[in-house]
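Residue strings, one per chain:
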Amino acid sequence: MDRLISKEVKVDLTNGSVGKRELPEKFARKYLGGSGIGWRLAAEYLKEDIDPFSPENVIILCAGALVGTLAPGASKVTAISKFPVIATKDGKHFIGSSTGGGRYFGVNMKMAGYDQLVITGRSEKPVYLKISDDEVKIKDASDIWGKGVDETADKLLEIEGKNYGVASIGPAGENTVRFAEMFLDKTNSLGRGGLGALMGSKNLKAIIVKGTKGVSVARPDEFMEIVDELHRRILAWPFRDHWIKIGMGAGWSTFKHTQYPGIWSKAKWEKLYGEEKRLQTLEEVMPCNSCLISCRIKWKIKDGEFAGETGLGSPYGKSATSGQLLNIEDHRKMIHWVTLANRAGIDFYTTTRIIDFVTKLYQDGKLTREDTGGLELKRGYKSYLALFDKIVNRDDFGDILADGWIRLQQEFGVDPQEFWYAGICKGTDFIYDARASNFHPLMMTFFTRPRPHHGGSHTLTNSPGKSLEEIRNQVERWGIKKEAVKRIFTPTTHSGKFNVGRYTKYMEDMMRVKNALGACSIYTFFGLMFGDDLAKLYSAITGLEVKGRDLVTCGERISNIVKLLNVREGFTRKEDAVPELWLRPMDSPEGKIETMDYFKTKVMTKEDIEKILDDYYDERGWDVKKGVPTKQTIRNLEIDDIEL
Amino acid sequence: MSEKIILLNAEKCTGCRRCELVCSFAKEKIFNPAQSRIRLLRIKESEKTVPIVCQQCVTPLCTYVCPTKAITKDEETGLVTHDPDLCIGCLMCFVACPIGGISINPETRKPIKCDLCGGDPKCVSECEYGAIEFVDLDEANEKKREEAIRNIDDLLKIITEKKE
């Protein structure tokens, strides 16, 4: 099959129709493949100002151009849609994407011959979608409705056969909790935007896919040579042994500083949630398809109340951060809670933080029993879990919480910015806080787009303390133009020796590239793969001749389409607001922690961050005041043919 | 030269599927687990995977049931080879194999099986989790014994704990 021709399969759940089409080669030349082309389709399918829960909303699931090959870790699936999470007080919703790996789903989509799976409409009754090579069927799901994410997947594998990739939702998605997640192969979440709720709103319980057609490569020998070189490089990485032993848990030495919530001392946190504790529940690592590092694991609680309980995914960051926030000292209790959240198919970060926030408000007298519908909000594990159930099931007070931060604000007149950790922008709480981790480029993307972290942008600079040489090497290996490199490293008073705003533009574009290719950003995060490597892989698989800088241009096109779609929804610079929380020092047992610049030379002021934002828009060629793409930029990128 | 065998260690298999991908690519120039000679069996509840591949049996049942002598054992090298030109696709070999070491190629509907890549099995070079090794018979025995001893150690621990 010609890898320059993407194949789309579109299913309308309202009338059960299935359409397939091949997308023109020019799409690959402009948007690479996978979610790059997916965004081009989004511009075609997503009409202005629709309700995310209306049948008109689409879910565009895209498997990256390298998925299904031996390119290390290329397993990523990206879902594009209008997010159910309420982004602003006047009811705007962001059009965004979420990315996750997996062992079966993405690779099977590709083996069945599809690059993009578009789902629209709404079924009258619960259904699941079954794709097996050319066959596409909508099947009755009444027997599995109400079941958890993992039970749903297991049941379907039992009925349909074991070799399917499964995307499924749990009760939280069925109940349209706005921060419900979709899970791939029970292990990897498409999280944060509320894709689970979107599936629920469409009465779509699961998607299963199996394929036997394979992924062909234009220049096989060349492709294998590049794969072999990357393979050798990854094997020589000194931290690999640690990662394949403990998965993402290996990140603790950085994590304990960057994600520190400031409630306990770091020593206490280390004792209760450090690596020693992590090893106590570790069963084995579970890499995604073709990955040589492995960040996912299978865990098992070995003793205590929840002895014997197992789960799949990456539980340690979540349990450690929320464990500290909620003052739960027994790590097994938090691991158990992660298991419950994964079964329910709900965003653990958002849920636990909302629970923390409302409990605090109640204790401070800012929420009354009348507000909570008679519910007394107490501190303690049991009360938290009771409230968790209410959110998942949208019972009583839980029904309001299930609508997220902005609804809380509207209902009770409380300001989510008063929540004491991480920060919130466009209705989404961030995974971590700039005060603990310094103002690095990922922090920028927390407010330039609402779904950061893995789906956001991962490059070397996401950990503090990288040298200027390392950063320079990275931008050069992605083929960033000389003039831009000069701008990135021209010192300013607001961003020091490294211009975070200007750099962020390229980092976002690189992320668009990685998602379009399905390449995992863990490799770019550790400097194990760069744009030049990805360009070689892409050239060999498609037969096109591209360099890193060509990929970045495609990434920039994709970034601009995303922005244009959201500008149409009413998002401007006003919504890219700096979280006020970051401007207030965090009082912690470790002392006062303030948002410092990347190299920790000074405390960042609001003016500094605004100036960095100016630089970001300027580097993008957007109107700096409005924060929107200019006509000239759209023309230069040759995306003026898209009507938005 | 002593004979080498593929030594599978299901315990160590993580399910990354690099073995299946490289095998299909080496043999068919396409990435397609369905066309791989080595396959991972998925145990759905635990999400454990177990690699399975032809073990080049001493008494290969596949060769006995093949009506066209498409599958034969080379007595010198020990390799059980399949000749697709002689093969009529009756799939008796597939039926007879007691370990599931023969697969059906969905493209040709004929059996496919491992030929050890002429002495340098690609799946072995791709497996970085220690689940697939290509070792001398002696070494295989040694490795198995070491593993068994480790298991006994665990077993003894459980027994002592129970006594206490």
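Analysis parameters
Every residue gets a number counted from 1 within its own chain, in the order that chain's sequence is written. Labels are handed out in written order, letters beginning with A for the chains and numbers beginning with 1 for the ligands. Where totals are concerned, whole chains, interfaces and linings use all residues; where local detail is concerned, this predicted model gives features only for residues with pLDDT of at least 70, and gives and counts side-chain atom pairs only at 80 or more. Numbered from the N terminus, helices here are DSSP runs of H or I no shorter than four residues, and strands are runs of E no shorter than two. In this description the radius of gyration comes from C-alpha coordinates, and the expected globular size is given by 2.2 Å times residues to the power 0.38. Each residue is classed by its C-beta neighbour count within 10 Å, where at least 20 other C-beta atoms makes it buried, 12 or fewer makes it exposed, and intermediate counts make it partly exposed; the C-beta atoms are placed from backbone geometry. In this description, a residue-residue contact is defined by the distance between C-beta atoms placed from the backbone, which must lie within 7 Å. Strand pairing is assigned whenever DSSP identifies at least 2 bridges connecting the two strands. The axes used here are C-alpha line fits, helices contributing only the stretch in contact, and every angle between their N-to-C directions lies in the interval 0 to 180 degrees. In this count, Pro and Cys sit with the nonpolar residues alongside Ala, Val, Leu, Ile, Met, Phe, Trp and Tyr, while Asp, Glu, Lys and Arg are called charged and the others, Gly among them, polar. Any helix carries an expected span of 1.5 Å times its number of residues minus one. These domain limits were set by an automatic method or by a database of domain assignments. Angle categories: roughly parallel below 35 degrees, roughly antiparallel above 145, roughly perpendicular from 65 to 115, and oblique for all the rest. Per-residue confidence from the prediction method is given by pLDDT, with values spanning 0 to 100.

**Q** For this particular structure, what's the right way to read the overall build of chain A?
**A** When its secondary structure is counted, chain A shows 27 helices and 21 strands. For 644 residues, the compact-globule formula gives about 26 Å, and the C-alpha radius of gyration of chain A, at 23 Å, lands near that figure. Its C-alpha atoms give chain A principal-axis dimensions of roughly 65 × 60 × 50 Å. For chain A, the proportion of its 644 residues judged to be buried stands at 60%. The long-range share in chain A, meaning contacts at least 24 apart out of those at least 6 apart in sequence, stands at 70%.

**Q** Mind showing me how you'd approach the overall build of chain B here?
**A** Summing up its helical and strand segments, chain B has five helices and eight strands in all. Listing the helices and strands of chain B from first to last along the sequence gives β-α-β-β-α-β-β-α-β-β-α-β-α. C-alpha atoms of chain B, sized along the principal axes, occupy 65 × 35 × 25 Å. Each of the 164 residues in chain B was classed as buried or not, and the buried ones make up 35%. Across chain B, every contact between residues at least 6 apart in sequence was considered, and the portion connecting residues at least 24 apart equals 55%.

**Q** I keep staring at the environment of Val 603 of chain A and nothing clicks. Help me out?
**A** Residues and elements named next belong to chain A. Within the secondary structure layout, Val 603 lies in the loop between strand E19 (591-593) and helix H26 (606-620). Taking the C-alpha atoms as reference, Val 603 lies 9.6 Å from Phe 439; in sequence the two are 164 residues apart. Excluding its chain neighbours within four sequence positions, the residues that come into contact with Val 603 are Glu 594, Thr 595 and Met 596.

**Q** Help me understand the sheet that holds strand E11 (residues 188-190) of chain A, please; the structure alone is not making it clear to me.
**A** Residues and elements named next belong to chain A. The strand order E8-E7-E12-E9-E10-E11 describes an open sheet built from six strands, whose pairing is mixed. Where the open sheet ends on each side, the last strands, each with one partner, are strand E8 (135-140) and E11. Going across the sheet, the axis of each strand differs from the next one's by a mean of 20°, ignoring polarity. Of the strand pairs in this sheet, strand E7 (residues 127-132) and E8 are connected by six bridges, and their pairing is antiparallel. Residue pairing for E8: Ile 131 is matched across the bridge by Val 136. Where helix H4 (residues 149-160) meets the sheet, its contacts fall on E7, strand E9 (165-168), strand E10 (182-184) and strand E12 (204-210), and the angle it forms with E9 comes to roughly 140°.

**Q** What's the story with the interface of chain A and chain B in this structure? I'm lost.
**A** Interface size is often expressed as the accessible area that is lost when the parts come together. Contact with chain A, which involves 29 residues of that partner, is made by 22 residues of chain B. Elements with a minimum of two residues in the side of chain A that touches chain B: H4, helix H7 (220-235) and strand E13 (282-285) of chain A. For the side of chain A that touches chain B, a count of residues per class yields 13 nonpolar, nine polar and seven charged.

**Q** Would you take a moment to explain helix H25 (residues 548-568) of chain A for this structure?
**A** Note: α-helices contain 3.6 residues per turn, so residues at a spacing of three or four share the same orientation. Residue and element names in this part refer to chain A. The end-to-end C-alpha separation of H25 is 31 Å, in line with the 30 Å expected for 21 residues at 1.5 Å each. For H25, the tally of buried residues reaches 15 of 21 residues, placing the bulk of the element in the interior. Downstream of H25 by one or two residues, Gly 570 has phi in the positive range, about 105°.

**Q** It is not clear to me how the sheet that holds strand E14 (residues 297-300) of chain A should be interpreted in this structure. Could you clarify?
**A** Strand pairing in a sheet relies on backbone hydrogen bonds, with the paired strands running either antiparallel or parallel. Residue and element names in this part refer to chain A. If you walk across this open sheet you meet the three strands as E13-E14-E15, and the pairing is antiparallel. Two strands bound the open sheet, and with one partner strand each, they are E13 and strand E15 (310-313). Here the strands of the sheet are splayed against their neighbours by 20° on average, with no regard to which way each runs.

**Q** Explain the domain arrangement of chain A to me, please; I cannot follow it from the model alone.
**A** All names here are of chain A. Splitting chain A by domain gives domain 1 (6-210), domain 2 (248-258 + 262-345), domain 3 (355-410) and domain 4 (428-636). Of the residues lining the interface, five residues belong to domain 2; the matching set on domain 3 comes to four residues. When grouped by side-chain class, the residues that make up the side of domain 2 that touches domain 3 number four nonpolar, no polar and one charged.

**Q** How should the packing of helix H19 (residues 441-448) of chain A against helix H22 (residues 500-517) of chain A be read in this particular structure?
**A** In a pair of packed helices, the angle between the axes and the distance between the axes together describe the arrangement. All names here are of chain A. The contact between H19 and H22 brings their axes to 9 Å, and the two run at 75°. Considered as vectors, H19 and H22 are oriented roughly perpendicular to each other. Contacts from Pro 441, Met 444, Thr 445 and Thr 448 in H19 reach Val 500, Gly 501, Tyr 503, Thr 504, Met 507 and Glu 508 in H22. When its residues are assigned to classes, the contact of H19 with H22 shows five nonpolar, four polar and one charged.

**Q** I tried to follow the environment of Asp 140 of chain A on my own but got confused; where do I start?
**A** Residue and element names in this part refer to chain A. Relative to the assigned elements, Asp 140 resides in strand E8. The exposure class assigned to Asp 140 is partly exposed, which follows from the 13 C-beta atoms found within 10 Å. In this structure, the C-alpha to C-alpha distance between Asp 140 and Lys 592, residues 452 residues apart in sequence, is 56 Å.

**Q** Looking at this structure, I do not really get unusual backbone geometry. What am I missing?
**A** Residue and element names in this part refer to chain A. Residue Asp 133 is not a glycine yet carries a positive backbone phi of 50°. Along the chain, Asp 133 turns up in the loop between E7 and E8. Classification of Asp 133 by C-beta neighbours within 10 Å gives partly exposed; the count is 17.

**Q** Looking at this structure, how should I read the confidence of the model for chain B?
**A** Detailed reading of the predicted model is not advised wherever pLDDT is low. All names here are of chain B. For chain B, the mean per-residue pLDDT works out to 92, and 97% of the residues sit at or above 70. Here helix H5 (residues 137-163) stands out as the element of chain B with the lowest mean pLDDT, 80, in contrast to helix H1 (residues 18-28), whose mean of 98 is the highest. If you check the scores for this complex, the pTM reads 0.96 and the ipTM reads 0.95.

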